[in-house]
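Residue-level structure breakdown
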Amino acid sequence: MTSLVEQPLRRQLVMAGAGLVLTSIAVRRVLAANEMQISMAGTASGSHVWFRPRGLWVSVGQAIRWVNDDAGNVHTVTAYHPANRKPLRIPESAKGWDSGYLMPGESFVWVFATPGVYDYFCLPHEHAGMVGRIVVGDKPAADPPYRATDSKLPEVALSSFPTVEDILKNIIVE
Ligand SMILES: [Cu+2]
């Protein structure tokens, strides 16, 4: 059982090594630090809030730390997943997550073990368009993989996801 899990992981490590030759920003960052960081911030009034970067392309197995850099607002990092009472917008075999409320200065780490496209939001600020998208591993077959219109999501959230194409092109989408 264990070997079934370990084999694909080893393959991914070999792939990550091959990526070194490309010296992509993502790969260099992985080597510089175990974790990549996404900042959560906003204006003092909370009228404008964001994840930065809001789009990111990472290798399989990458850990991401979201940090609440916002002195005046509480944020969450929450996957679009039925467990969070939302439509599924992460790979089917991946686990949904919810950071819970992060006070200023607090952070949350998630490791992306399954390739695919992950959409997530901030619970108190989804209606302000505070959403993000992470692409893990190779280019997904479907592009875009998730519905561009969905009555269960606020319009401003749907329009705030960077496109998969942009993420793959730029690695980091501010
Ligand atoms: Cu928020």
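Each value, and the rule that gives it
Residues numbered from 1 in each chain as written. Predicted model: local features only at pLDDT ≥ 70, side-chain atom pairs only at ≥ 80, totals over all residues. pLDDT = per-residue confidence, 0-100. Helix = DSSP H or I, 4+ residues; strand = E, 2+ residues; numbered from the N terminus. Pairing = 2+ DSSP bridges. Axes fitted to C-alpha atoms, helices over the stretch in contact; angles between N-to-C directions. Buried ≥ 20, exposed ≤ 12 C-beta atoms within 10 Å, placed from the backbone.

Considerations on the confidence of the model for the protein chain
- In the predicted model, the protein chain carries a mean pLDDT of 83, and 78% of its residues have values of at least 70.
- Taken element by element, the predicted model of the protein chain shows its lowest mean pLDDT in helix H1 (residues 2-22) (41) and its highest in strand E5 (residues 78-79) (98).

Topic: the sheet that holds strand E4 (residues 62-68)
- Spatially, four strands are ordered E2-E1-E4-E6 in an open sheet, and the strand pairing comes out mixed. With one partner strand each, in any of the chains shown, strand E2 (49-52) and strand E6 (107-112) form the two edges of the open sheet. For this sheet, the mean inter-axis angle between neighbouring strands, taken without regard to orientation, is 20°.
- By the bridge criterion, six bridges tie strand E1 (residues 35-42) to E4 in an arrangement that is parallel.

Some details on unusual backbone geometry
- The residue after Arg52, namely Pro53, is reached through a cis peptide bond having omega -5°.
- Checked against the element boundaries, Pro53 lands in the loop between E2 and strand E3 (55-58).
- You will see that Arg85, though not glycine, has its phi angle at about 55°, which is positive.
- Inspection of the secondary structure assignment puts Arg85 in the loop between E5 and E6.
- With a phi close to 65°, Ile171 is a non-glycine residue in the positive phi region.
- Positionally, Ile171 belongs in the loop between helix H4 (164-170) and strand E9 (172-173).
- With 18 C-beta atoms packed within 10 Å, Ile171 lands in the partly exposed category.

Some words on the sheet that holds E9
- The strand order across the open sheet built from five strands is E5-E7-E8-E3-E9, with neighbouring strands paired in mixed fashion. In this open sheet, the two strands that pair with only one neighbour each are E5 and E9.
- As defined by bridge partners, strand E7 (residues 116-121) adjoins strand E8 (residues 131-136) across six bridges and the pair is classed as antiparallel. Along E8, the bridge assignment pairs Gly116 with Val136.

Points about the pairing of E2
- In terms of strand pairing, E1 meets E2 through four bridges, oriented antiparallel. What sits directly across from Gly42, in E2, is Val49.
- Counted between consecutive antiparallel strands, the loop separating E1 from E2 contains six residues, among which Gly46 sits at a positive phi close to 80°.

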